[in-house]
Amino acid sequence: MRELRKSERLRLSTAHLLGASARGGLARALRARAGALRRWIRSSLTARVVASICALGVLLVGLVGTIVLHQVNRQLFERSVSNHIDQYVSARSRARTQIEVANSPTAGQLQQIANELVASQNNSAGGSVGAALLRSKQSEPAVFEIAEPATESSAQVRASVTKQMRKAVAADDSIHWQSVEIPTTTGKKVPGIIVGSRIRLPGAGYYQFYISFSLESEEYTAEIVTSILTIGASVLLLFVAVSAALIVRLVLRPVHEASRNASILAQGGFDARMEVKGRDELAELARSFNQMASSLSDQFTQLERMSKVQQEFVSAVSHELRSPVTTIRMAGQLIYDRRGDLPSVLRRSAELQHDQLINLDVMLSDLLEISRYDAGAMTLASTKADLREIVDAVVEAQKPLAESNGVEVVVESRGDTEAKVEPRRIERIIRNLVVNALEHAEGKPIRVLVVGGENAVAVEVSDRGIGLSEEQATHVFDRFWRADTARVRKSGGTGLGLTIAREDAMLHGGRLVCAGKLGVGSTFLLSVPREVGEQYTNPLTLRVAADEEVWGGAVVVAPQDELHEGEAAPKPVRATGTQSDRSDEHVEREDSYE
């Protein structure tokens, strides 16, 4: 028995859970459909206009319909009440005539007249459904009394008459009425009225005469009128909605055409034009759009011509200057190599000349590279390479600059850092980022983080130097742009390095972005797919790393017993972050420079 109770409780609990789950699923489905409907209305001007017109139509039709129905029902009711009161007056007059004809009737004659009067008022064709004759309070003594007619209808009428109405009828000879609900043979209740007044029976005194009238036919008429108005309003609203949709679609067709042509213009199709029909506002819109498209086409053609001239000029000048600059550099190199034989003043001039010739040669190389990008003549010679090894090579090459600036370089890596890239271009990107970080580090450590993701590899170069503002970050990849033009660079620079770096990243199908915060530092994030041009997910999120992390380790000196005989002790180096191997996640010590 106990097991049966447990089973029953388990069954009820399961049924309750299933019911709750079904209700929850239905609620979620309804919310999803409501959300989809809201999004569709927000995204469609036609839907919003038609919905607004329909809402206003519903409000207007509802208001007008309510007023009309109220007036119709009131008129029907007032006319019915008036007709039924007239019927009551006629019935009362006939009763008085019968009493007068009897000429001092006896109690039996009065009883017969009263019974016939009550029985004759059950006439469904005339609207009367019953009558009652009730004894009233006597203000004078009666000679005899008659019994109140007892019928089924009279009993219902007697039960429907309120004490207030009996009091009002007993007070005077006026006709009084009240609204009541009249039960039918089917048990349904229909609206009706009871009309009553007092009449004087000779020898018996005053009696109250009531007749009950049904308003079922008037209620049926009101229902028919309501149905007709509802159907008419629905048809009218449907017609208004369809008409509004057609009109809005007709009006918005030129707007849609303008939007479509604007998209074509944005994609470079400057021959897109709108068809001009008529002289109305929509035709004026089409003419204005065509004028704008023609103006944009002319300006773009002019800018394209100027850009082509500029590209050809830069390319020609760069090529033409290559030979004389090479000759001058060779001559300068000879002078620089023999600077020891020169006086001190000339020696310093030879050194300055040598440095500036190198900068000039780099500038010419950058200009040639930019002209190739502008001409769309760049190709990618990709091969599988380890970006961590490229980073190590760049950091090693920039060791003199790091030592000169007193900056520690921390290198960290995680995951598989191999990707199919062109090593020369990736090395150029990383070199630009590392040199910039060294120049702006203000003597504080910088970090190069290499992270391998599922289908991409990212290189994050961060410093804790002067930082970048949001406005500066939007211009940092512009050509010849510098955040601080008064700043002295130790590594030269043409203002094209970051521009070329971004183009190199885009050539791989990757991205080069930056973020910074004044007084905190800046971060440059390079991300490239493992396969050139494929879709990828960046393993790192762009952030100002210096605002979230601290890097740079303590000074570590190599043990003396590990030195070979006659070998000098190495300079102190910095302990850096870790490199996580994919197989055993061992920790390695990475060289860093200060």
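Residues numbered from 1 in each chain as written. Predicted model: local features only at pLDDT ≥ 70, side-chain atom pairs only at ≥ 80, totals over all residues. Heavy atoms only, no water.

1. Structural notes on the pattern of salt bridges
Here comes step 1: The final tally for this structure, using the stated rule, is 17 salt bridges.
Here comes step 2: Between D173 and R198 there is a salt bridge, and its shortest N-O distance comes to 2.6 Å. Highlighted residues: D173 in the loop between α5 (163-171) and β3 (176-183) and R198 in strand β4 (residues 189-201), separated in sequence by 25 residues.
Here comes step 3: Taking relative accessible area as the criterion, R198 reaches 16% and is therefore assigned buried.
Here comes step 4: For E460, the salt bridge goes to R543, with nearest N and O atoms at 3.2 Å. You can see E460 sitting in strand β10 (residues 456-463) and its partner R543 sitting in the loop between β12 (521-529) and β13 (555-556), a full 83 residues away along the chain. Residue E460 shares its accessibility class with R543, and that shared class is buried.
Here comes step 5: One connected set of salt bridges, linked through shared partners, spans E412, R447, E460, R543, E548 and E549. (Salt bridge = Lys/Arg side-chain N within 4 Å of Asp/Glu carboxyl O. Helix = DSSP H or I, 4+ residues; strand = E, 2+ residues; numbered from the N terminus. Buried < 20%, exposed > 50% of the residue type's maximum accessible area, 1.4 Å probe, protein only.)

2. What about the pairing of β3?
Here comes step 1: Looking at chain direction, β3 and β4 are connected through 8 bridges and run antiparallel. Within β4, the residue paired with E181 across the bridge is P191.
Here comes step 2: Hairpin connection, β3 to β4: the antiparallel pair is bridged by 5 residues, and G187 has positive phi, about 90 degrees. (Pairing = 2+ DSSP bridges.)

3. Details of the packing of aromatic side chains
Here comes step 1: A complete count under the given rule lists 3 aromatic pairs for this structure.
Here comes step 2: Ring centres of Y88 and F209 lie 5.5 Å apart, and the angle between their planes is 25 degrees; on these two criteria the pair is classed as stacked. Placement of Y88 in helix α2 (residues 45-102) and of F209 in strand β5 (residues 205-214) is noted, with a sequence separation of 121 residues between them.
Here comes step 3: In this structure F209 comes out as buried when scored by relative accessible area, which is 0%.
Here comes step 4: Directly above the aromatic system of Y206 lies the positively charged group of R198, at a separation of 4.2 Å from the ring centroid.
Here comes step 5: For the cation-ring pair, R464 lies above W551, with the distance from its terminal atom to the ring centre recorded as 5.2 Å. (Phe/Tyr/Trp six-rings, centres within 6.5 Å; stacked < 30°, edge-to-face > 60°. Lys NZ or Arg CZ within 6 Å of the ring centre and 35° of its normal.)

4. Side note on the side chain of Q178
Here comes step 1: Here Q178 is to be found in strand β3.
Here comes step 2: Classification of Q178 by relative accessible area gives buried; the value is 15%.
Here comes step 3: Here T162 takes part through its side chain, which lies 3.0 Å from a polar atom of the side chain of Q178.
Here comes step 4: The contact partners of Q178, leaving out residues within four places of it in the chain, are S160, V161, T162, M165, G192, I193 and I194. (Polar contact = N/O pair within 3.5 Å; in protein donor to acceptor, adjacent residues only side chain to side chain. Contact = heavy atoms within 4.5 Å.)

5. Let's talk about the sheet that holds strand β1 (residues 122-123)
Here comes step 1: Read across the sheet, 5 strands follow the order β1-β2-β5-β4-β3 without closing on themselves; strand pairing throughout is antiparallel. The open sheet has two edge strands, β1 and β3, and neither has a second partner.
Here comes step 2: Direction of pairing for β4 relative to β5: antiparallel, over a ladder of 10 bridges. Following the sheet pairing, L201 is matched in β5 by G205.
Here comes step 3: Along the sheet face, α2 touches β3, β4 and β5 and points at about 30 degrees away from the line of β4. (Axes fitted to C-alpha atoms, helices over the stretch in contact; angles between N-to-C directions.)

6. With respect to helix α9 (residues 387-397)
Here comes step 1: Those residues of α9 that fall on the buried side of the exposure criterion are L387, R388, I390, V391, V394 and V395. In an axial view of α9, the angular spread of the buried residues amounts to 160 degrees, which keeps them on one side of the axis. For α9, exposure combined with an orientation more than 90 degrees from the buried face picks out E389 and A397.
Here comes step 2: Of the residues that open α9, the one with a side-chain oxygen 2.9 Å from the backbone nitrogen of R388 is D386. (Arc of directions from axis to C-beta.)

7. Thoughts on the nonpolar core
Here comes step 1: Membership of the largest hydrophobic core comes to 40 residues, with the highest contact counts inside it found for L387, I430 and V459.
Here comes step 2: Top contributing element to this core by residue count: helix α11 (residues 423-439), with 8 residues.
Here comes step 3: Beyond its immediate sequence surroundings of up to four residues, V459 is in contact with L387, V391, I430, V448, L449, V450, F524, L525 and L526. (Core = buried A, V, L, I, M, F, W, Y, C linked by side-chain atoms within 4.5 Å.)

8. So, the pairing of β12
Here comes step 1: Burial analysis of β12 places 9 of its 9 residues in the buried class, the great majority of the element.
Here comes step 2: Residues G521, T523, L525, S527 and P529 point to one face of β12 and S522, F524, L526 and V528 to the other, with burial holding for every one of them.
Here comes step 3: Relative to β12, β10 runs antiparallel, the two being bridged by 8 bridges. Note on β12: the bridge partner recorded for D463 is S522.
Here comes step 4: Pairing analysis gives 7 bridges linking strand β11 (residues 511-517) to β12, with the strands arranged antiparallel.

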